[in-house]
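# Summary of the model geometry
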Amino acid sequence: MLEIRDLVVLRDGRRVVDGLRLCVPAGCVYALLGGNGAGKTTTIDAILGFVPAAGGMVRVDGLSPADDAVAVRRRVAYLPENVALYPYLSGVENLDYFCTMAGIALSRADAAALLDRAGLAREAQGRRVRGYSKGMRQKVGLAIAQARSASLLLLDEPTSGLDPAAADDMARSVRAAADAGMAVLMATHDLFNARQLADRIGILRAGVLVAEFDASTLDHQALTAAYLAHARAAGAAS
Ligand SMILES: Nc1ncnc2c1ncn2[C@@H]1O[C@H](COP(=O)(O)OP(=O)(O)OP(=O)(O)O)[C@@H](O)[C@H]1O
């Protein structure tokens with residue numbers, strides 16, 4: 001479970017996250033929408049303890065990155081926009097390598113089952129990652145997260161650069177991770193994917209959470225209208 005209360009983060013003395021409050025329980029997918037520079041990545045950095053909070057608090061399963069960033073990172077799986085894997089190892093070898101580094105022993109059958117669950121086709125699992133698409137690399141990242149039993153999954157722009165079929169595929173894999181009990185926070189510009197996948201949606205503007213919705217209460221058109229209204233307000237203010 002992720003809990004953020006009144007979080008303030010400063011960059012060069014500027015409040016780039018300003019009083020953020022949100023909660024992501026286990027099994028919930030939360031989409032954090034916002035334009036360029038809204039503070040989405042900075043929020044992720046604060047959860048991981050890469051930037052300090054100037055105010056408020058972050059808790060992952062009750063643990064604070066300010067007190068014990070290592071313990072927090074043990075519970076968190078972070079999939080950046082481009083998941084870094086060893087290009088000359090296969091998907092299954094990457095999974096095995098990262099698990100070994102984390103002290104987790106996996107049988108071949110366990111590894112294949114994890115990759116299956118993440119949505120990576122069997123015939124791709126033994127191929128070198130060098131030839132993988134972005135979506136395939138993300139699936140290996142998801143399998144590593146599942147193997148580590150991470151309780152919180154952080155995704156930064158998971159669907160940017162993916163074609164609609166690959167984005168849909170990714171959404172299914174993330175949904176499966178949430179259904180298996182992970183809390184998921186996804187920073188994105190992709191309104192369609194947010195509407196399709198998320199349980200809750202927040203709109204961040206200049207570091208402030210200006211709107212929050214239960215995804216089932218609004219259709220794609222209503223979400224687009226709300227997002228554009230806030231984006232235009234941001235444009236008018238700058
Ligand atoms: N290392 C840094 N040093 C100084 N300012 C930074 C740094 N990183 C981010 N910022 C500033 O903090 C603000 C929030 O940036 P952030 O990257 O969190 O936004 P974002 O919502 O993730 O944007 P994008 O969608 O473009 O990735 C921006 O004004 C950005 O210029």
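Model, not experiment: these values are computed from the prediction. (Residues numbered from 1 in each chain as written. Predicted model: local features only at pLDDT ≥ 70, side-chain atom pairs only at ≥ 80, totals over all residues. Heavy atoms only, no water.)

## Topic: the pattern of salt bridges
Scanning the model with the defined rule gives eleven salt bridges in all. As a salt-bridge pair, Asp6 and Arg21 come within 2.9 Å of each other at their nearest N and O atoms. Of this pair, Asp6 sits in strand 1 (residues 2–11) while Arg21 sits in strand 2 (residues 14–24); the two residues are 15 residues apart in sequence, bridging distant segments of the chain. Under the relative-accessibility criterion, Arg21 is labelled partly exposed at 46%. Of the charged contacts in the structure, one is a salt bridge between Asp45 and Arg11, with a shortest N-O distance of 3.3 Å. A residue pair is termed long-range when its members are at least 10 positions apart, and Asp45 in helix 1 (residues 40–47) and Arg11 in strand 1 qualify at 34 residues. Taken together, the shared-partner salt bridges in this structure form one network comprising Arg175, Asp179 and Asp199. (Salt bridge = Lys/Arg side-chain N within 4 Å of Asp/Glu carboxyl O. Helix = DSSP H or I, 4+ residues; strand = E, 2+ residues; numbered from the N terminus. Buried < 20%, exposed > 50% of the residue type's maximum accessible area, 1.4 Å probe, protein only.)

## Observations regarding the site of the ligand
In the vicinity of the ligand there are 13 residues, among which Asn36, Gly37, Lys40, Thr41 and Thr42 approach most closely. The side chain of Asn36 places a nitrogen or oxygen atom 2.8 Å from an oxygen atom of the ligand. A distance of 2.5 Å separates an oxygen atom of the ligand from a polar atom in the side chain of Thr42. Compared with its free state, where it exposes 630 Å², the ligand has 63% of that area covered by protein. For the shell around the ligand, the leading source of residues is helix 1, giving three residues. Of the residues in the shell around the ligand, the class split is two nonpolar, seven polar and four charged. (Near = heavy atom within 4 Å. Polar contact = N/O pair within 3.5 Å; in protein donor to acceptor, adjacent residues only side chain to side chain. Areas by Shrake-Rupley, 256 points an atom, 1.4 Å probe, with all protein chains shown as cover. Nonpolar A, V, L, I, M, F, W, Y, C, P; charged D, E, K, R; others polar.)

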